[in-house]
Amino acid sequence: MTRYLQILLGLTLATCAALSPALAEDSDSGENWSIAIHGGAGTIKRENITPEKDAEIRAALNAALMTGSNILRDGGSAMDAITATIIILEDDPNFNAGKGAVFTWDKTNALDSSIMDGSDLSAGAAAGINGTKNPILLARAVKDNSPHVMLSGEGANQFSREQGLEQVTADYYATPRRIKQIEAVLAKEISVADVDYKFGTVGAVAMDRNGNMAAGTSTGGMTGKRWGRVGDSPIIGAGTYADNRSCAISATGSGEYFIRLGVAHEICTRIRMRWPIAIDEAQLTVPKDADGNYTYMIHASEFMLPDEEIQQIANDVIAELGELGGDGGIIYATPWGQAGYSFNTAGMYRGRATSDSEQSVEIYGDDE
Ligand code: ASP
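Residues numbered from 1 in each chain as written. Predicted model: local features only at pLDDT ≥ 70, side-chain atom pairs only at ≥ 80, totals over all residues. Heavy atoms only, no water.

A. Examining the overall build of the protein more closely. Within the protein, the secondary structure is distributed over 11 helices and 12 strands. For the protein, the proportion of its 368 residues judged to be buried stands at 54%. In the protein, of all internal contacts separated by at least 6 residues, the share reaching a separation of at least 24 is 70%. Summed over all atoms, the accessible surface of the protein reaches about 15,100 Å², with 53% contributed by carbon and sulfur. (Helix = DSSP H or I, 4+ residues; strand = E, 2+ residues; numbered from the N terminus. Buried < 20%, exposed > 50% of the residue type's maximum accessible area, 1.4 Å probe, protein only. Contact = heavy atoms within 4.5 Å. Areas by Shrake-Rupley, 256 points an atom, 1.4 Å probe, with all protein chains shown as cover.)

B. Geometry of the packing of aromatic side chains. Applying the stated criterion to the full structure yields three aromatic pairs. A ring pair is formed by Phe 95 and Tyr 349, whose centres lie 6.0 Å apart and whose planes are at 85°; its orientation type is edge-to-face. With a gap of 254 residues between them, Phe 95 in the loop between α4 (78–90) and β2 (111–117) and Tyr 349 in strand β11 (residues 347–354) connect regions that are remote in the sequence. For the pair shown, Phe 95 and Tyr 349 are each scored as buried. Ring geometry for Tyr 172 against Tyr 173: centres 5.7 Å apart, planes inclined by 70°, an arrangement best described as edge-to-face. The class for Tyr 172 is buried, based on a relative accessible area of 18%. In this arrangement the basic side chain of Lys 99 is found over the ring face of Tyr 172, its NZ or CZ atom lying 4.7 Å from the centre. Here the basic side chain of Arg 350 rests over the ring of Tyr 341, its NZ or CZ set 5.4 Å away from the ring centre. (Phe/Tyr/Trp six-rings, centres within 6.5 Å; stacked < 30°, edge-to-face > 60°. Lys NZ or Arg CZ within 6 Å of the ring centre and 35° of its normal.)

C. Structural view of the pattern of salt bridges. Per the stated rule, a full pass over the model turns up 20 salt bridges. One salt bridge connects Asp 367 with Arg 58, and the closest N-O pair in it is separated by 3.2 Å. Within this pair, whereas Asp 367 is found in the segment after β12 (357–364), its partner Arg 58 is found in helix α3 (residues 51–73), the two being separated by 309 residues in sequence. Arg 58 gets classed as partly exposed once you look at its relative accessible area, which sits at 22%. Arg 140 is paired through a salt bridge with Asp 144; the nearest N and O atoms lie 3.5 Å apart. With Arg 140 and Asp 144 both in helix α5 (residues 135–145) and four residues apart, the pair spans about one turn of that helix. Look at Asp 144 and you get partly exposed, because its relative accessible area is 42%. (Salt bridge = Lys/Arg side-chain N within 4 Å of Asp/Glu carboxyl O.)

D. Quick look at the state of the cysteines. Under the counting rule described, the total for this entry stands at one disulfide. Here Cys 247 engages in a disulfide with Cys 268; their sulfurs sit 2.3 Å apart. As the torsion about the S-S bond is roughly -115°, the Cys 247-Cys 268 disulfide counts as left-handed. Taken together, the residues Cys 247 in strand β8 (residues 247–253) and Cys 268 in helix α10 (residues 263–284) connect sequence positions 21 residues apart. Looking at Cys 247, the relative accessible area reads 0%, which means it is buried. For Cys 268, a relative accessible area of 2% puts it in the buried group. (Disulfide = S-S within 2.5 Å.)

E. Fine view of the packing of α4 against α5. At a minimum axis distance of 8 Å, the contact between α4 and α5 shows a crossing angle of 150°. Of the possible angle classes, the one that applies to α4 and α5 is roughly antiparallel. Of the residues in α5, those touching α4 at Met 79, Asp 80, Thr 83, Ile 86, Ile 87 and Glu 90 are Pro 135, Ile 136, Leu 137, Arg 140 and Lys 143. (Axes fitted to C-alpha atoms, helices over the stretch in contact; angles between N-to-C directions. Parallel < 35°, antiparallel > 145°, perpendicular 65-115°, else oblique.)

F. Structural view of the site of the ligand. Lining the immediate environment of the ligand, one finds Phe 199, Gly 200, Thr 201, Gly 221, Arg 229, Gly 231, Asp 232, Ser 233, Thr 252, Gly 253 and Gly 255. In the environment of the ligand, an oxygen atom lies 2.7 Å from a nitrogen or oxygen atom belonging to the side chain of Thr 201. In the environment of the ligand, an oxygen atom lies 3.0 Å from a nitrogen or oxygen atom belonging to the backbone of Gly 255. Out of a free accessible area of 270 Å², the ligand has 100% covered by protein chains. Of the residues belonging to the shell around the ligand, the class tally is one nonpolar, eight polar and two charged. (Near = heavy atom within 4 Å. Polar contact = N/O pair within 3.5 Å; in protein donor to acceptor, adjacent residues only side chain to side chain. Nonpolar A, V, L, I, M, F, W, Y, C, P; charged D, E, K, R; others polar.)

G. View of helix α8 (residues 176–186). Among all positions in α8, only Arg 178, Gln 181, Ile 182, Ala 184 and Val 185 are buried. Axial view of α8: buried residues confined to an arc of 160°, hence all on one face. The exposed residues of α8 that point more than 90 degrees off its buried face are Pro 176 and Lys 180. Just past α8, the residue Lys 188 takes up positive phi, approximately 60°. (Arc of directions from axis to C-beta.)

H. Expanded view of the environment of Leu 137. Inspection of the secondary structure puts Leu 137 in helix α5. In the structure, Leu 137 is positioned 23 residues away from Ser 114 in sequence and 9.2 Å away in space, judged by C-alpha atoms. For Leu 137, the contacting residues outside a window of four places in its chain are Thr 83, Ile 87 and Leu 165.

I. Region of interest: the pairing of strand β7 (residues 240–243). Neither face of β7 is open: one carries Thr 240 and Ala 242, the other Tyr 241 and Asp 243, and all of them are buried. Relative to β8, β7 runs antiparallel, the two being bridged by four bridges. Bridge pairing links Asp 243 to Cys 247 in β8. Taking the residues between adjacent antiparallel strands as the criterion, β7 and β8 are bridged by three residues. (Pairing = 2+ DSSP bridges.)

Read these as spatial facts, not as claims about activity.
Printed below as a string of structure tokens:
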């Protein structure tokens, strides 16, 4: 779509909001909510997935999405909605987070998680941890109950125990599939880069009825990682970001590239910077009266960035990621109630629901 059409679309929406009290009220009264989730991106193709596994994954995504949606519909916070949603995905061995997390080179688990509240930019993260059943709860405890943003390794494990979070032994995370994967890597049958479905990170982003946004991400990282490697998932600004002024993002993919671009923050920043410019552009197209004054002024509260423009910003950043050599994708939620995705891989486990639309879950690139 041309820039001119995008501006016109933005203007049309602003005009509708200005002229239609019902629409303006809907979007300003805090009645809107939205949520998007992911369960990882990668070489996810129909021919690699049995119908049974396909159904299992869709059921898992639907259950997680339903949990978050119910909280938001009932007036709960975005923070509570994403936390509850991510716990369900962490507990499901189909994903690379919590139970079912991948193994490191040393056949241990080193889980990463992060969470951010867009209402006050408070954030928490844990890197290279184990022992905690639900790493997203550790990230949240770091945010809520520590003066820090990120804790790592043994210190983070200790903090988790001190916080009274549920602990598990190493065998809790292990699944036969993950054991097979790491053994194949260690036997040099496959390289770390070739591990099937190497992505399976989980994440959720949401906006609640009060207009507050939150984002969270949880992962086992990459199969066969070593030397204490940490990916983007626990890095605020790379794998996770939330800011009520722009968006909430959770990422999945080749973490090194997401860190280098600061993908989550980059998308939010572009949206935040674009919004006032789009309002100014729309104002220029408002008709003037005989004295040369605008017949009405567009107010920020009436103006939303159109869906296409949000999608384009997300796609542009993911395209840059691809140019650098990175694979993966993101989910987004915006202050205007939009929820969506962008990815450059064959597929991404994903789903979304908003106060204005039916819940939907998708797996492959060409899923509708
Ligand atoms: N981004 C994660 C990492 O690099 C992996 C993933 O999303 O699957 O650790």
